[in-house]
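Remarks on the overall topology
These are the residues of each chain, in order.
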Amino acid sequence: MKTHPGRRTRILAAITATAGLVLVAACTSSGDGGGTKTAAGGVELVKDGQLTTCTHLPYPPFQSEIDGRVQGFDVALIDLVAEDLGVRQEILDTPFENFKTGAFLNSGECDLAAAGMTITEERKKNVDFSDPYFNATQAVLVGKKSGVGSFADLEGRKVGAQAQTTGEDYAKSKGLDPVSFESSDAVLNGLRTGQVEAVVIDYPVVQGWLKDKANADAFRVADNIDTGEQYGFTVKKGNTELREAIDRALADAKADGTYKKLYEQWIGPYDESAASPAAS
C-alpha cells in the first residue's frame, strides 16, 4: 500500500467562504491543480484544484459549523483524501434527499457526498459507496421525565425523526408515524419545544448533543438500537478511481493512527468495534 510521508502532520478543517451555501476547506501546499481537472492518481474532479463534497448541515459530530468553520469527523476524513490528491476540499450544503438519488453527483456539482450516510441496498442502486468507515446505532432520546424506558414505549406517543434518514425508516418499519424534521437541529428543537415526546436518530448525533450540559440536564437516552448500519462516502456510479482513493485514505488513516485520533476528537472514547467495520 502506498503511504504518504508527513501527510498526517496536520488535520485540515473547512472554513466558511460565504454566508451562503458554499463552504471552502483550507488547502494544502501540495499542489494547486491548475489547468486540469485530473488530480493525483488520475482521479477526475468536477472543478480544477478542488475536491467538491456535498453534505447536509448541520449533522454533528460528522459535519457542522463551529466557531465560523465547518468541522467534524466526515470533514476531517475527506480532508485526508483531498491532501492525497494534492487539492483542497470544498463543501456544498445540499438537501439530504439528493444523497439517496445521487443527483448532485450525476449533475457534476460534486465529486462525492459525505453526510453520515448509511450504506443501503436502495442507495447502492444510484451511487457507489466507499468502504464503510463507521458502525452506527439508532438512539431514542427523551426528556428525563418522559417515562419512556425503551423503544417499545414509543407506541401511541408523538415521535420525531430527521426526514429521509434510516432513523425515520426504522420508526416507520415498527409501525410509528414520526414527525419529519428537515435537519438534526430541527429534530432537537422539536424535542425541546414539546412538538414531539421522543426522537429516533443516529446515536453519534445524540452523543454530540449530550456533550452540552443543558441538553444532558434535560434529556436522556431511553434506548440504543443496533440496526447493523454502516456509514460510507458516496461517488457517482462508475467513478472507480475516486472511490479507490477514498478507500486508500481510510486504510492509511486507520494504519497510522490518524483515524483513532479523529474518532476520539469528534465521536468520543475509541470503540474499535464501531471504528473498524469490515468492507462491504
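Parameters and conventions
Residues numbered from 1 in each chain as written. Predicted model: local features only at pLDDT ≥ 70, side-chain atom pairs only at ≥ 80, totals over all residues. Heavy atoms only, no water. Helix = DSSP H or I, 4+ residues; strand = E, 2+ residues; numbered from the N terminus. Buried < 20%, exposed > 50% of the residue type's maximum accessible area, 1.4 Å probe, protein only. Areas by Shrake-Rupley, 256 points an atom, 1.4 Å probe, with all protein chains shown as cover. Core = buried A, V, L, I, M, F, W, Y, C linked by side-chain atoms within 4.5 Å. Contact = heavy atoms within 4.5 Å. Disulfide = S-S within 2.5 Å. 1 Å grid on protein atoms, 1.4 Å probe; cavity = no way out; pocket = protein on both sides within 12 Å on 5 of 7 lines; lining within 4 Å. Points joined across faces, edges and corners; volume = space filled by probe spheres on them. Nonpolar A, V, L, I, M, F, W, Y, C, P; charged D, E, K, R; others polar. Salt bridge = Lys/Arg side-chain N within 4 Å of Asp/Glu carboxyl O. Axes fitted to C-alpha atoms, helices over the stretch in contact; angles between N-to-C directions. Parallel < 35°, antiparallel > 145°, perpendicular 65-115°, else oblique. Left-handed = near helix turned anticlockwise from the far one by under 90°. Phe/Tyr/Trp six-rings, centres within 6.5 Å; stacked < 30°, edge-to-face > 60°. Lys NZ or Arg CZ within 6 Å of the ring centre and 35° of its normal.

**Things to note about the overall build of the protein**
On a plain count of helices and strands, the protein comes out with 11 helices and 14 strands. Burial status across the protein gives 53% buried among its 280 residues. Accessible surface, the protein as shown: approximately 11,900 Å² in total, 49% of it carbon and sulfur.

**Considering the nonpolar core**
In this structure, Leu-51, Phe-73, Leu-77, Leu-85, Phe-134 and Trp-209 are the most contacted members of the largest nonpolar core, which totals 47 residues. Residue assignment for this core shows that the elements contributing at least two residues are helix 1 (73–85), strand 9 (134–143), helix 6 (184–192), strand 12 (198–202), helix 7 (203–210), strand 13 (219–231), helix 9 (240–256) and helix 10 (258–266). No other element matches the 8 residues that helix 1 contributes to this core. Here Phe-73 is in contact with Pro-61, Phe-62, Tyr-133, Phe-134, Tyr-259, Leu-262, Tyr-263, Trp-266 and Ile-267, once residues within four sequence places are set aside.

**With respect to the state of the cysteines**
Summed over all chains, the structure comprises 1 disulfide. Disulfide partner of Cys-54: Cys-110, at an S-S distance of 2.0 Å. Its S-S torsion of about 70° marks the bond between Cys-54 and Cys-110 as right-handed, since a negative value means left-handed. Highlighted residues: Cys-54 in strand 3 (residues 50–55) and Cys-110 in the loop between helix 3 (103–106) and strand 7 (112–113), separated in sequence by 56 residues.

**Considering empty space enclosed by the protein**
Counted under the stated rule, the structure contains 3 cavities of 30 Å³ or more. Approximately 80 Å³ is the volume found for the largest cavity. If you go around the largest cavity, the residues you meet are Tyr-59, Phe-96, Ala-115, Gly-116, Met-117, Thr-118, Arg-123, Gln-162, Thr-165, Thr-166 and Asp-202. Empty space within the second largest cavity amounts to approximately 40 Å³. When residues of the lining of the second largest cavity are traced back to their parent elements, those giving at least two are strand 3, helix 1 and strand 6 (88–93). Residues of the lining of the second largest cavity, tallied by class, amount to 4 nonpolar, 4 polar and 1 charged.

**As for the pattern of salt bridges**
Overall, the coordinates contain 6 salt bridges when judged by the stated rule. In this structure, the salt-bridge partner of Asp-128 is Lys-237, at a minimum N-O distance of 3.1 Å. Of this pair, Asp-128 sits in strand 8 (residues 127–129) while Lys-237 sits in the loop between strand 14 (234–236) and helix 9, and the two are 109 residues apart along the sequence. Look at Asp-128 and you get buried, because its relative accessible area is 19%. Take Lys-237: its relative accessible area is 40%, and that puts it in the partly exposed class.

**Quick look at the packing of helix 1 against helix 10**
Between helix 1 and helix 10, the least distance of the axes is 9 Å, while the angle of their chain directions is 160°. The angle between helix 1 and helix 10 places the two elements in the roughly antiparallel class. Handedness of the helix 1/helix 10 crossing: right-handed. Residues Phe-73, Ala-76, Leu-77 and Leu-80 of helix 1 form the contact with helix 10, whose own contacting residues are Thr-258, Tyr-259, Leu-262, Tyr-263 and Trp-266. Across the contact of helix 1 with helix 10, the residue classes tally to 8 nonpolar, 1 polar and no charged.

**Focus: the packing of aromatic side chains**
Applying the stated criterion across every chain yields a total of 15 aromatic pairs. Seen from their ring centres, Phe-73 and Phe-134 are 6.3 Å apart, and the 65° between their planes marks the pair as edge-to-face. Placement of Phe-73 in helix 1 and of Phe-134 in strand 9 is noted, with a sequence separation of 61 residues between them. When sorted by exposure, Phe-73 lands in the same class as Phe-134, which is buried. With centroids separated by 6.1 Å and ring planes inclined at 90°, the aromatic side chains of Phe-73 and Tyr-263 adopt a geometry described as edge-to-face. Of the two residues, Phe-73 sits in helix 1 while Tyr-263 sits in helix 10, which places them 190 residues apart along the sequence. Of the two residues, Phe-73 and Tyr-263, neither departs from the other in class, the shared state being buried. One aromatic cluster is present, formed by Tyr-59, Phe-62, Phe-73, Tyr-133, Phe-134, Tyr-231, Phe-233, Tyr-259 and Tyr-263 through successive ring pairs. In this structure, Lys-254 packs its charged tip against the face of Tyr-259, placed 5.2 Å from the ring centre.

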